[in-house]
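Coordinate inspection notes
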Amino acid sequence: MATATGVFFLSLTAIPVSYSLNLFKSSLNEQWTLFVAGSIVLAVITFITYLMIKYTQKQNKPQDISFYVFAVFAWTCVIDLIIALELDGVIDNFITFYFKEGEVYLTTAHGVMICYWDGTGQYCMYLMMVTAIVWNQSYRDVGLYWAGSIINSMIVFLPANFAGKYGDHITPSVIFNMPFAIYPFLACYWLLKEKRNLEVNRTQVQSDQRKKITSRPLDMFFIAFFLFAGTLAFIRFLAALNSPFGIAQTYVKDYEPYLLDPVIYPKFQMITYWFYFVPYYCVAIYGLLYPGCEWMYDWSLIHGGAAIQAQIAHLGASVHSRTPYIFRVPEATAPTFWILNLALLFIPQLLAWRCTTYPEFFVKDNAQNGKIKAK
């Protein structure tokens, strides 16, 4: 536990480090100088993590390489929270130099919101995972949820940085995002290969799997939601592309004008919904109709993480003061906007809860006696 506590206190050093660097902002006004300074700081944080583990008692030493990664990522989460708070005027003169000379696109409403989520939700996940590693326990579930969250963040954030309004403001500091774009895919692959520690009663499995969909009202609700969400994703996809199709034009003008914001983060998010979320909706409907689809357990967590990150960023940016007024949600249709988008946020969390808490329907009934241990 001491090592996990050390990661927490190490992450808090981001506060004095950022403030100290800001005192020398006149020396950090060159892009490459800022990049080198940032690289040195991250290298020092990594080295401190190494020393922290080296001098930990042998029986408590983490064996998972992910411990180092999550420790450094947790440190950057505090930096992201500082960035968000400074951009919203809550604090001042902590890290001004970075979003002026480093990653300018973080000054957008979307940039602020992903920093808030990174500094709160994902920060908590990192602390949970390092604690599990120290206690030699599995962090499979929270790891898959985290992977879904950060992968969605990166596949929207990085391409839009280059293609959007701030495409001509790309600096070497964008390289700092590469570990966040690569490691989650590796971690997700490793976690999916890891054996799932799940035991369920065979009798309950057989009972649940004999039930038709009409006897499972909650699953019927999820199927209806996926059909609705898929339809909405198609409309929002067309709206984000500014299609002349009547429904798309009505939606983007009356409900979500933010989809046409030139920063184009919302456009990339809608493209992600259409090309990644909708295929999941289709296979999830199949998994809810036919028993024995064990992958529903894992992918409901990945989808839940992706959905909460996507919707927090999209909802927050749609109403944030940094979004030009003409692209914010119209007051007349705000209730509809909130109902639709909150449904897209919360129902995937409900699905993940259903699949992980009551997984009997999804377990393959191939055991001979007693209990079934899922693979």
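As shown above, the structure is provided for reference.
About the thresholds
- Once a new chain begins, its residue numbering starts again from 1 and follows that chain's sequence as written.
- Given that this is a predicted model, residues contribute local features only at a pLDDT of at least 70 and side-chain atom pairs are listed and counted only at 80 or more, while totals for whole chains, interfaces and linings are drawn from all residues.
- Hydrogens and waters are ignored; side-chain quantities use all the structure's heavy atoms.
- Only the stretch in contact is used when a helix axis is fitted, and all axes are lines through C-alpha atoms; the angle between N-to-C directions ranges over 0 to 180 degrees.
- Secondary structure elements are defined from DSSP: runs of H or I of at least 4 residues count as helices, runs of E of at least 2 residues count as strands, and each element is numbered from the N terminus.
- For this classification, under 35 degrees means roughly parallel, over 145 means roughly antiparallel, 65 to 115 means roughly perpendicular, and everything else is oblique.
- Crossings are classed by handedness, with left-handed meaning an anticlockwise turn of the near helix from the far one by less than a right angle and right-handed meaning a clockwise turn.
- Any two residues whose heavy atoms approach within 4.5 Å are treated as being in contact.
- Any Lys or Arg side-chain nitrogen found within 4 Å of a carboxyl oxygen on Asp or Glu counts as a salt bridge.
- A 1.4 Å probe rolled over the protein chains alone gives each residue an accessible area, and that area as a share of the maximum for its type sets the label: buried under 20%, exposed over 50%, partly exposed in between.
- Here a cavity denotes a set of grid points, spaced 1 Å apart and computed over the protein atoms alone, in which a 1.4 Å probe fits but from which it cannot get out, and a pocket denotes an open set meeting protein on both sides within 12 Å along at least five of seven lines; residues with an atom within 4 Å of a point are reported as lining.
- Grid points are joined across faces, edges and corners, and a volume is the space filled by probe spheres set on the points.
- Under the scheme applied, nonpolar residues are Ala, Val, Leu, Ile, Met, Phe, Trp, Tyr, Cys and Pro; charged residues are Asp, Glu, Lys and Arg; polar residues are all the others, including Gly.
- To be clear, the arc concerns the directions from the helix axis to the C-beta atoms.
- For this analysis, a ring pair means two rings from Phe, Tyr or Trp (six-membered ring only for Trp) whose centres lie within 6.5 Å, classed as stacked if their planes differ by under 30 degrees, edge-to-face if by over 60, and tilted for the remaining angles.
- Two conditions define a charge located above a ring, namely a distance within 6 Å from the ring centre to NZ of Lys or CZ of Arg, and an angle within 35 degrees of the ring normal.

Digging into the packing of helix H12 (residues 265-289) against helix H13 (residues 295-319)
- In the contact formed by H12 and H13, the axes pass within 11 Å of each other and the chain directions differ by 155°. Put simply, H12 runs roughly antiparallel to H13. Regarding H12 and H13, the two cross each other, and that crossing is left-handed. Across the interface between the two elements, Pro266, Gln269, Met270, Tyr273, Phe277, Tyr280, Tyr281, Val283, Ala284, Tyr286, Gly287 and Leu288 from H12 touch Trp295, Met296, Trp299, Ser300, His303, Ala306, Ala307, Ala310, Gln311 and His314 from H13.

Looking at the pattern of salt bridges
- All chains considered together, the criterion is met by seven salt bridges.
- Between Glu294 and Arg196 there is a salt bridge whose closest N-O contact spans 3.9 Å. A residue pair is termed long-range when its members are at least 10 positions apart, and Glu294 in the loop between H12 and H13 and Arg196 in the loop between helix H8 (178-193) and strand E1 (199-201) qualify at 98 residues. As far as the burial class goes, Glu294 and Arg196 line up, both buried.

Brief notes about the layout of surface pockets
- There is about 720 Å³ of room inside the largest pocket.
- The wall of the largest pocket is formed by 38 residues, among which Leu42, Thr76, Tyr98, Phe176 and Phe180 lie closest to the centre.
- Listing elements by their share of the lining of the largest pocket, those giving two or more residues are helix H2 (14-23), helix H3 (31-54), helix H4 (66-87), helix H5 (96-101), helix H6 (109-134), helix H7 (140-163) and H8.
- For the lining of the largest pocket, the element with the most residues is H4, which contributes eight residues.
- Of the residues that constitute the lining of the largest pocket, the class distribution is 28 nonpolar, seven polar and three charged.
- Quantified by volume, the second largest pocket comes out at close to 410 Å³.
- Taken together, 18 residues line the second largest pocket, and the ones lying closest to its centre are Ile151, Tyr276, Trp299, Ile302 and Ala306.
- Those elements giving two or more residues to the lining of the second largest pocket turn out to be H7, H8, H12 and H13.
- Residue composition of the lining of the second largest pocket, by class: 14 nonpolar, four polar and no charged.

Comments concerning empty space enclosed by the protein
- Per the counting criterion, the structure on display carries two cavities of 30 Å³ or more.
- In this model, the largest cavity occupies a volume close to 40 Å³.
- What lines the largest cavity is simply His110, Tyr258, Tyr265, Pro266, Gln269, Ala310, Ala313 and His314.
- Among the secondary structure elements, those contributing two or more residues to the lining of the largest cavity are H12 and H13.
- Taken together, the residues that form the lining of the largest cavity break down as five nonpolar, three polar and no charged.

As for H2
- The set of residues buried in H2 consists of Ala14, Ser18 and Asn22. All buried residues of H2 fall inside an arc of 65° around its axis, so they share one side.

Structural notes on the packing of aromatic side chains
- On inspection of all chains with the given rule, the structure shows 29 aromatic pairs.
- Aromatic pair Phe73 and Phe180: ring centres 4.2 Å apart, planes at 25°, arrangement stacked. With Phe73 in helix H4 and Phe180 in helix H8, this residue pair connects regions lying 107 residues apart in the sequence.
- Here Phe180 falls in the buried class, since its relative accessible area comes to 13%.
- The structure contains a cluster of three or more aromatic residues connected by ring pairs, namely Phe70, Phe73, Tyr126, Tyr139, Trp146, Phe180, Tyr183 and Trp190.
- Positioned above the aromatic ring of Phe361 is the side chain of Arg216, whose terminal nitrogen or guanidinium carbon lies 3.9 Å from the ring centre.
- The side chain of Arg236 reaches across the aromatic face of Tyr273, ending 5.3 Å from its centre.

Let's talk about unusual backbone geometry
- Notably, Asn93 is not glycine yet its phi reads approximately 60°, a positive angle.
- Position of Asn93 among the secondary structure elements: in the loop between H4 and H5.
- Notably, Asn242 is not glycine yet its phi reads approximately 60°, a positive angle.
- Along the chain, Asn242 falls in the loop between helix H10 (217-240) and helix H11 (246-254).
- According to the relative accessible area criterion, Asn242 is partly exposed, its value standing at 43%.

Such coordinate-based values are descriptive only and should not be taken to indicate function.
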